[in-house]
Amino acid sequence: MPENLMEKIVSLCKRRGFIFQGSDIYGGLANTWDYGPFGVELKNNVKRAWWKAVVYERNDMFGMDAAILMHPKVWEASGHVSSFADIVAECKGCHKRFRIEELFSQEVINQLNKKDIGGDTSAFTSLDKAIVVFNYGLRTERPKCPECKAQDFSQAAEFNLMFNTNQGLTKDDKSLIYLRPETAQGMFVNFLNILDSRHPKLPFGLAQIGKAFRNEVTPGNFTFRTREFEQMEIEYFVKPDDADKKLEDWINERFSWYINLGISAENLRKRPHGKDELAHYAKACTDIEYNFPFGWSELEGIANRTDFDLKQHAKASNKDLQFFDDATKERFLPYIIEPSGGVDRSVLAFLVDAYHEEQVREETRVVLKLHKDLAPIKVAVLPLLKKKTEIVELAKKITQDLKKSIVTVYDDTAAIGKLYRRQDEVGTPFCVTIDVQSLDDKQVTVRERDSMAQERISIDRLKEYLNNKLTNI
Ligand code: GAP
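A brief look at the structure comes next.

Definitions and cut-offs
- Residues numbered from 1 in each chain as written.
- Predicted model: local features only at pLDDT ≥ 70, side-chain atom pairs only at ≥ 80, totals over all residues.
- Heavy atoms only, no water.
- Buried < 20%, exposed > 50% of the residue type's maximum accessible area, 1.4 Å probe, protein only.
- Helix = DSSP H or I, 4+ residues; strand = E, 2+ residues; numbered from the N terminus.
- Pairing = 2+ DSSP bridges.
- Phe/Tyr/Trp six-rings, centres within 6.5 Å; stacked < 30°, edge-to-face > 60°.
- Near = heavy atom within 4 Å.
- Polar contact = N/O pair within 3.5 Å; in protein donor to acceptor, adjacent residues only side chain to side chain.
- Areas by Shrake-Rupley, 256 points an atom, 1.4 Å probe, with all protein chains shown as cover.
- Nonpolar A, V, L, I, M, F, W, Y, C, P; charged D, E, K, R; others polar.
- Salt bridge = Lys/Arg side-chain N within 4 Å of Asp/Glu carboxyl O.
- Axes fitted to C-alpha atoms, helices over the stretch in contact; angles between N-to-C directions.

**Re the pairing of strand β10 (residues 228-238)**
Along β10, 10 of the 11 residues are buried, which leaves the element largely enclosed by surrounding structure. Note that strand β9 (residues 204-213) and β10 share 10 bridges and pair antiparallel. Bridge pairing in β10 links K211 to E230. Relative to strand β16 (residues 335-342), β10 runs antiparallel, the two being bridged by six bridges. Within the sheet, the bridge partner assigned to V238 lies in β16 and is Y335.

**Examining the packing of aromatic side chains**
Here the structure, examined in full by the defined rule, presents 17 aromatic pairs. Geometrically, the ring pair formed by F224 and F292 is edge-to-face, given 5.3 Å between the ring centres and 75° between the ring planes. On the criterion of sequence distance, the pair formed by F224 in the loop between β9 and β10 and F292 in strand β12 (residues 284-292) is long-range, its members being 68 residues apart. By the burial criterion, F224 is buried, and F292 matches it. Consider the rings of Y236 and W250, whose centres lie 5.3 Å apart with planes at 75°: the pair is edge-to-face. Here Y236 is found in strand β10, whereas its partner W250 is found in helix α10 (residues 243-260), with 14 residues between them in sequence. The same class applies to Y236 as to W250, namely buried.

**Overview of the site of the ligand**
Around the ligand, 21 residues are found, and the nearest of them are E182, R214, T226, E233 and E298. E338 places a polar side-chain atom, nitrogen or oxygen, 2.9 Å from a nitrogen atom of the ligand. When isolated, the ligand has an accessible area of 550 Å², and the protein chains bury 91% of it. Per element, the largest residue contribution to the shell around the ligand is five residues, and it comes from strand β13 (residues 295-306). Broken down by class, the residue content of the shell around the ligand amounts to five nonpolar, six polar and 10 charged.

**As for the pattern of salt bridges**
Considering all chains together, one arrives at 39 salt bridges under this definition. Note that D249 and K245 form a salt bridge whose closest N and O atoms lie 2.8 Å from each other. Of the two residues, D249 and K245 are both situated in helix α10; the distance of four residues between them amounts to about one turn of the helix. Between D424 and R447 there is a salt bridge, with its nearest N and O atoms 3.0 Å apart. You can see D424 sitting in helix α14 (residues 416-426) and its partner R447 sitting in strand β22 (residues 443-448), a full 23 residues away along the chain. The two residues D424 and R447 agree in class, both being buried.

**Considerations on the sheet that holds strand β6 (residues 157-160)**
Strand order in the open sheet made by the three strands is β5-β4-β6, with antiparallel pairing throughout. Looking at the sheet topology across the chains shown, the edges are occupied by β5 (97-99) and β6. Within the sheet, the average angular offset between the axes of one strand and its neighbour, ignoring direction, is 50°.

**Some thoughts on the pairing of β13**
Burial within β13 is extensive, with nine of its 12 residues counted as buried. Pairing analysis gives nine bridges linking β12 to β13, with the strands arranged antiparallel. Counted as the bridge partner of N291 is W296 from β13. Between β12 and β13, which pair antiparallel one after the other, the connecting turn spans two residues. Relative to β16, β13 is paired through six bridges, and the arrangement is antiparallel. Pairing of A303 across the sheet is with E338, part of β16.

This is how it looks when you write it as structure tokens:
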């Protein structure tokens, strides 16, 4: 791993137009990021690759795109109003707020959780208990503030992570509305619509990509943890008895997806959750983690949500959400297996994994070895002699022709060495150079990004040659 890798990635992203600081000309809005010309292509390619793998290549999945704004009762039924909270304490020195995980190591949290904290806690919700445990820890362990090192904190309090606002002109409880903190609920509330419109058999799943919003206490690490982000989620409905097996299948399937798109196996791992880590709705969960420069961190979680969500929504909406099994004539609530990943975190992992520095003839070459499906630009056409009109005209003609089926750019704004370096830095798999000889022999040079190997290809065959190289991977 190159030194200061995160700084290098952030700087490359800005310099080459992948990701910019949000609201940059106003000094930036902290922890917001805007995807620029190459960033949006990379992000779209990640989403396309996911959709292809989980919708188009399977026979048991349906796509969806639900509204971000949902009936407020959805979030009461889902448990988000009561339980989607972090426990935070404020440092009395610098007045910053911190989450429990930032003040205590996992080992200490585990010890605190096991301690008898006295009194009758049987009526406590898990959140109440966590607050009591946290306060006990603040008194006995006296953690240091990560910012100013003071050891004096306010009492811990619950901090709900949902953004809320008011719908329409009035501002009262009735107009209260939330920005969704996960896309999942949009799929649960459409379960009945899918049964009635598509009549699927179990198991089947819904897939959705969309924005989610969380008022995170401590966002950071570039695009890793932000308050506005995009999720790629699957809700897979199964017979309760099949849930354990389907959970394993999805964990393996999702793990392979990252590997197939070029993430090095040694940088990826599966981490099953301990019982005390599970979200309020989950019976089991395994995270797929990536070895980021700031440590192993979650890319995606795959959970067994049981029938929690359908049960809650059936109760709150008064609708029968049971599945009727034609074969056995049974009615039941299916269990749900949920592979839930972040688009922005995947993009970051793909960038980090692709970043390479190589010594080439006394110079450092920075190259993004992105999988060809993910590369923002697939081909760059570069004329060797900008001053020769026939070469420029031929290069532009070839570019226009390739553009019809391949994402191609034309660049003549520097010498060839510099043009190659620019394309390497943004991960373009192929460069096509047009030289004087091309005018006579009707051939061009194709240079492959990773090996830098060059091949002469006739212009007639160029499109077919590149299309084959770009699809046969
Ligand atoms: N529906 C289940 C759910 O939302 P989660 O583990 O809270 O589960 C799923 O989120 C994924 O969404 C995470 O694995 C991560 O990739 C992404 N994600 C969650 N919070 C995020 C944040 N603040 N910034 C960026 N991505 C986030």
